[in-house]
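Take a look at the letters that make up each chain.
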Amino acid sequence: MLQRRLFCTRISKTIFQSNPGHNQSKWSVKQVSKSNFSAALEEISTFISDSDFIAVSLKNTGAYSAPWQRILPIDTAHTAYLKAKYAAERFQVLQFAVCPFSIRGSKLIVHPYNFHLFPRDELKIGMPSYSFSCQSSYLTSMAREGFDFNACIYDGISYLSRSQESAAIDRIGNASHITCTVQSPSGHTVADSVFAERIKSRLKRWISACRDTNKKPEDALISSLRKIVSGDEVYGSRPCLSIDVCSERQVHLVLETLKDFVDVIPLLTPAKGGTTMSVRVVLTSSEEDKILLQKELQNEEKEHNKRIRGFREVIDLISASQKPVVAHNSLNDFTFVHSKFLAPLPSTLDEFKSSLCEVLPNVLDVNHLMKEISPLKKVNNLPASISYLKQRFFAPIDMEISNQAAEATEVKTLGHDVLKISELFAKLYSILRIAPKAPEAAEGHLPDAIECYLNLFNPCFASSHGLADEGVSVWTDSTRKISIKNLVFLWGFRGGTSAGQLKSLLHGSHEVLHNEFDVRLVDKSCAVVVFGNPGFSEVLLQLMDSGGICTSILKEMLADGLTAAGYEAYQKVCELGLWEADLASSFERALEENDSFSEAHSQELPGICWNNDEMINLDDL
């Protein structure tokens, strides 16, 4: 039904219209650094609350160190995740663009912000300052857009992930312990009662002394000694009494005792390890003064948390909103999000999805929506996707950018991808007829047309019609399914050998190599042979092991070190983290560490999305 509707749309309207006054060069994105972060945080908090969707886009210092480490059509969801995990752990996020947006008919209302980040050890606790890798091409691209690396280093916003914040609390204490309400301890002992009575008596004498207007002036030395002995202090301009405690039970008893004193506010002084060193009791002069102090403490706690969390405050705002988050290449982006702002990445894709969904439960990838419209076309980047829609569909979009974003930007190219993602999603929203949520729908419910695309982190997902199919699309003249059991990796051939030469050498060397097969270079050191018929890959592996190849050239290559392995070897390379510059070197290390892959070979293996157009072809370079 969808394909029929799209076909009719192509015939009736093949013109893409935009607002005539709409000019991408006039797009402006508010640039946010440490100096204006607090003000921007207040603004974007309101926009996130009022908008329907949130687009995000990251600029990293790199994504891979070698060609084969890119996510390729030969990758299953598992190996693709392992590659994305490796990149997220190795490289760094320097820009994080966030754009809350709403769609009202043909109007797209956007509020774009581009945050400049740098992992600085603000709290002097060794976090999150660490080394990271840089890929020169990525830095060059950012420099061309006008990125100021000096400003990033000196004025970039730092942050702590959730796991790092927990570790920081253990070291420096938690701001949320400034004030606290705790439950009474269950069952009082005689010692508890004696301790509580002593505290109550001491508080009564202290409060009475503080409010005694008939006190005679004392010598400064005597007054200082008296304060040391009694524990008197000053919190701002208010009297304060420090009560030392040696256990959490005593903390509970002190706080319970303070309930009888209406004009005091307790403050907990944290010690290392998350324990409490003392309870400070602040005496207020009136109910109004007490309310004022409580507001001051709330502001102090807020600023303390902001200093600890830094940019992660934005991630927490997005998480609290529960709004759908729209991205491009979501697997790459959200492995970075999880690694930098949540916690270290888990070892499997399922664990990653489960962990991420606890924080961001609704993630949408515009790539998957594009493949619903055009599953056979290579439109895997934003300009190509927008151009494709421009040529085939009538989807007028009038973009309205908030004044706050337009006023405060000098560099007009940084963070533009987040606007393109918003625009692309709005056009797809219109073309796919994704209806907005009905008023009677349950809170948090998304339209069915969106729900089927939520949290799909497999980069090779083809269309909603094949969600349950583990087959693989081979993009040649027609679409067909293939299993990764039909793939064989070859390495050990001479440098400079092309995919065409390898295919010619293999063709006719055995009866299984007379039939349809394809050869592509994964990198300069390794090729992959793709068979159209099941079982032929096993035959080739057996022939390579036994030397049963009939051509003299191939026999000579075998003698010189030509080696073959099935997909389980490639999966083992990724699982072991053998990220050598050449894939052939990674295969050799994997074979050294594990001579037999029989256990993995016997397991059920899923399919992959094989795409000839996306594979590296060194013959074309």
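Predicted model only: the values in this text are computed from it and were never measured.

Cut-off values and rules
Residues numbered from 1 in each chain as written. Predicted model: local features only at pLDDT ≥ 70, side-chain atom pairs only at ≥ 80, totals over all residues. Heavy atoms only, no water. Buried < 20%, exposed > 50% of the residue type's maximum accessible area, 1.4 Å probe, protein only. Helix = DSSP H or I, 4+ residues; strand = E, 2+ residues; numbered from the N terminus. Pairing = 2+ DSSP bridges. Salt bridge = Lys/Arg side-chain N within 4 Å of Asp/Glu carboxyl O. Contact = heavy atoms within 4.5 Å.

A. Expanded view of the pairing of strand 8 (residues 264-270). For strand 8, the buried fraction is high: six of the seven residues fall into the buried class. In the sheet, strand 8 pairs with strand 9 (residues 276-283) via seven bridges, with the strands oriented antiparallel. Within strand 9, the position partnered with L267 by the bridge is R280.

B. Layout of unusual backbone geometry. Note that the residue after M127, namely P128, is joined by a cis bond; omega there is -5°. Relative to the assigned elements, P128 resides in the loop between strand 5 (113-116) and helix 4 (136-144). At Q322, a position not held by glycine, the phi torsion is positive, near 60°. Relative to the helices and strands, Q322 is located in the loop between helix 11 (312-321) and strand 10 (325-327). You will see that N329, though not glycine, has its phi angle at about 60°, which is positive. Among the secondary structure elements, N329 is positioned in the loop between strand 10 and helix 12 (330-342). The exposure class of N329 is partly exposed, given its relative accessible area of 32%.

C. Focus on the pairing of strand 4 (residues 107-110). Burial along strand 4 is one-sided: the residues L108 and V110 are buried and none of K107 and I109 is. Examined bridge by bridge, strand 3 (residues 93-104) and strand 4 share four bridges and lie antiparallel to one another. Bridge pairing links I103 to L108 in strand 4. Two successive antiparallel strands, strand 3 and strand 4, enclose a turn made up of two residues, where G105 displays a positive phi of approximately 70°.

D. Representation of the pattern of salt bridges in the model. Going through the model one piece at a time under the given rule, you end up with 24 salt bridges. With its nearest N and O atoms 3.3 Å apart, the salt bridge here joins K59 to E145. Taken together, the residues K59 in strand 2 (residues 53-60) and E145 in the loop between helix 4 and helix 5 (149-155) connect sequence positions 86 residues apart. The class of K59 is partly exposed, set by a relative accessible area of 21%. D75 is the salt-bridge partner of K83, the closest N and O atoms lying 2.9 Å from each other. By relative accessible area, K83 is classed as buried at 2%. Residues joined by salt bridges that share partners form a network here, namely R162, E165, R309, R312, E313 and D316.

E. Representation of the environment of V366 within the structure. Mapped onto the secondary structure, V366 falls in helix 14 (residues 366-373). Assessed through its relative accessible area of 1%, V366 is described here as buried. Counting along the chain gives 16 residues from V366 to L382, while the straight-line C-alpha distance between them is 9.1 Å. Not counting chain neighbours up to four residues away, the residues in contact with V366 comprise V326, A327, H328, I421, L424, F425 and L428.

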